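The chain contents come next:
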Amino acid sequence: MYNLILFGPPGSGKGTQSDLLIQHYGLLHLATGDLLRSEVSKKTTLGLEAQKYIDNGQLVPDEVVIGMIDSKLDEHKDSVKGIIFDGFPRTVEQAAALDKLLADRNTEIHQMVALEVSEDVLTQRLLQRGEVSGRSDDNLETITKRIVEYKSKTEPVANYYKERGKLSAINGVGAIEEIFNSIKSVLDTHLSSITQ
Ligand code: AP5
Ligand code: MG
């Protein structure tokens, strides 16, 4: 298996690049934001609880998202070449929990690719997406809170992987195809070194 974390602030292009990467590499896409929004739209107990945090630009409690990932890993355990984690882990606690969930399944995170985008560009992209997305958190007030939450709780996760020699930072501004090519060159170099 080859397991990748696509990391970056809200609006950095994690979802956009994940779509291209899963097509190219045949990996499974696990995006906690998408999973949570699906629970919200089905009005499950988990969804109703999560909605309060999402609408307020705050992170959903760790145990909720860790539990969701745990059951997704079980669901796909025999059928995947690897996984792209998008929007997870988002706290150091989630990163430590993910290490354990993967170790229990005899695998690990191989690489984190972090998309770097300035705050102005993030806000501009998300406001623009908000005109069509219907997402409850794509408004200026919630976008600002999401960025604050990212800086205080999520940014330290990059360091967690840097300390383990697994972090590659990529410029996330420019044409989508160009950014995809930069990610591909990191993965291809890395994949050839681990399969030799
Ligand atoms: P989540 O859904 O993960 O949202 P996010 O991290 O805030 O990021 P986005 O999905 O908004 O942006 P993205 O990086 O995917 O960018 P995209 O490709 O869409 O999380 C939502 C909420 O769920 C959280 O706030 C939290 O409450 C909860 N949650 C989720 N996971 C959690 C966890 N692990 N723990 C706790 N809580 C959790 O691109 C953005 C826009 O820019 C698009 O319109 C796109 O077309 C455009 N764009 C992309 N690339 C480019 C480019 N190169 N040039 C120009 N435009 C571009
Ligand atoms: Mg996304």
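Heads up: the structure comes first, above all this text.
Let us look at the structure shown here.

Criteria and cut-off values
- Residues numbered from 1 in each chain as written.
- Chains lettered and ligands numbered in written order.
- Predicted model: local features only at pLDDT ≥ 70, side-chain atom pairs only at ≥ 80, totals over all residues.
- Heavy atoms only, no water.
- Salt bridge = Lys/Arg side-chain N within 4 Å of Asp/Glu carboxyl O.
- Buried < 20%, exposed > 50% of the residue type's maximum accessible area, 1.4 Å probe, protein only.
- Helix = DSSP H or I, 4+ residues; strand = E, 2+ residues; numbered from the N terminus.
- Expected span 1.5 Å × (residues − 1).
- Arc of directions from axis to C-beta.
- Contact = heavy atoms within 4.5 Å.
- Phe/Tyr/Trp six-rings, centres within 6.5 Å; stacked < 30°, edge-to-face > 60°.
- Near = heavy atom within 4 Å.
- Polar contact = N/O pair within 3.5 Å; in protein donor to acceptor, adjacent residues only side chain to side chain.
- Areas by Shrake-Rupley, 256 points an atom, 1.4 Å probe, with all protein chains shown as cover.
- Pairing = 2+ DSSP bridges.
- Axes fitted to C-alpha atoms, helices over the stretch in contact; angles between N-to-C directions.

### Section: the pattern of salt bridges
At step 1: One pass over the full model with this rule turns up 15 salt bridges.
At step 2: One salt bridge in this structure joins arginine 146 and aspartate 138, with 3.1 Å as the shortest N-O distance.
At step 3: What makes arginine 146 buried here is its relative accessible area of 11%.
At step 4: Judged by its relative accessible area of 7%, aspartate 138 is buried.
At step 5: The salt bridge partner of lysine 145 is glutamate 141, with a shortest N-O separation of 3.7 Å. Taken together, the positions of lysine 145 and glutamate 141, both in helix H7 (residues 140-162) and 4 residues apart, correspond to about one turn of that helix.

### Observations concerning helix H4 (residues 62-75)
For an α-helix the count is 3.6 residues per turn, leaving residues at separations of three or four pointing the same way.
At step 1: Spanning 14 residues, H4 covers 20 Å between terminal C-alpha atoms, matching the ideal 20 Å at 1.5 Å per step.
At step 2: Among all positions of H4, only Asp62, Val65, Ile66, Met68, Ile69 and Leu73 are buried. Taken around the axis of H4, the buried residues stretch over an arc of 155°, which confines them to a single face. Exposed positions of H4 whose direction lies more than 90 degrees from the buried face are Glu63 and Glu75.
At step 3: Contact partners of the buried residues in H4: strand S2 (28-31), helix H2 (32-41), helix H3 (45-55), strand S3 (82-86) and helix H5 (92-103).

### Quick look at the packing of aromatic side chains
At step 1: Applying the stated criterion across every chain yields a total of 3 aromatic pairs.
At step 2: Where phenylalanine 7 meets tyrosine 150, the ring centres are 5.9 Å apart and the plane angle is 45°; that geometry is what we call tilted. On the criterion of sequence distance, the pair formed by phenylalanine 7 in strand S1 (residues 2-7) and tyrosine 150 in helix H7 is long-range, its members being 143 residues apart. In terms of burial, phenylalanine 7 and tyrosine 150 fall into one category: buried.

### Looking at unusual backbone geometry
At step 1: Residue phenylalanine 88 is joined to proline 89 through a cis peptide bond whose omega torsion reads -5°.
At step 2: Inspection of the secondary structure puts proline 89 in the loop between S3 and H5.
At step 3: Despite not being glycine, lysine 43 shows a phi value in the positive range, around 55°.
At step 4: Position of lysine 43 among the secondary structure elements: in the loop between H2 and H3.
At step 5: Despite not being glycine, asparagine 106 shows a phi value in the positive range, around 55°.
At step 6: Mapped onto the fold, asparagine 106 is located in the loop between H5 and strand S4 (111-116).

### Thoughts on the site of ligand 1
At step 1: Not every one of the 30 residues close to ligand 1 is listed here, only the nearest: Thr16, Gln58, Arg90, Arg129 and Arg146.
At step 2: Serine 12 has a polar backbone atom sitting 3.3 Å from an oxygen atom of ligand 1.
At step 3: Measuring from an oxygen atom of ligand 1, one finds a side-chain N or O atom of arginine 129 at 2.7 Å.
At step 4: For ligand 1, whose unbound accessible area comes to 1000 Å², protein coverage reaches 86%.
At step 5: Of all the secondary structure elements, the ones that give two or more residues to the shell around ligand 1 are helix H1 (14-25), H2, helix H6 (119-133) and helix H8 (176-195).

### Focus on the sheet that holds strand S5 (residues 167-171)
At step 1: Taken together, 5 strands build an open sheet; the order of strands is S2-S3-S1-S4-S5 and the sheet is parallel. The sheet terminates laterally at S2 and S5, the two strands that pair on one side only. Adjacent strand axes in the sheet meet at a mean angle of 20° when their direction is disregarded.
At step 2: Here 4 bridges tie S2 to S3, and the two strands are oriented parallel to one another. Paired with leucine 30 across the two strands is phenylalanine 85, which belongs to S3.
At step 3: Running at roughly 65° to S2, H2 makes contact with S2 and S3 of the sheet.

### Quick notes on the side chain of serine 18
At step 1: If you trace the backbone, serine 18 turns up in helix H1.
At step 2: For serine 18, a relative accessible area of 0% gives the class buried.
At step 3: Polar side-chain contacts of serine 18 include one of 2.7 Å to the backbone oxygen of lysine 14.
At step 4: Filtering out sequence-adjacent residues up to four positions away, serine 18 remains in contact with Leu6, His29, Ile84 and Asp86.

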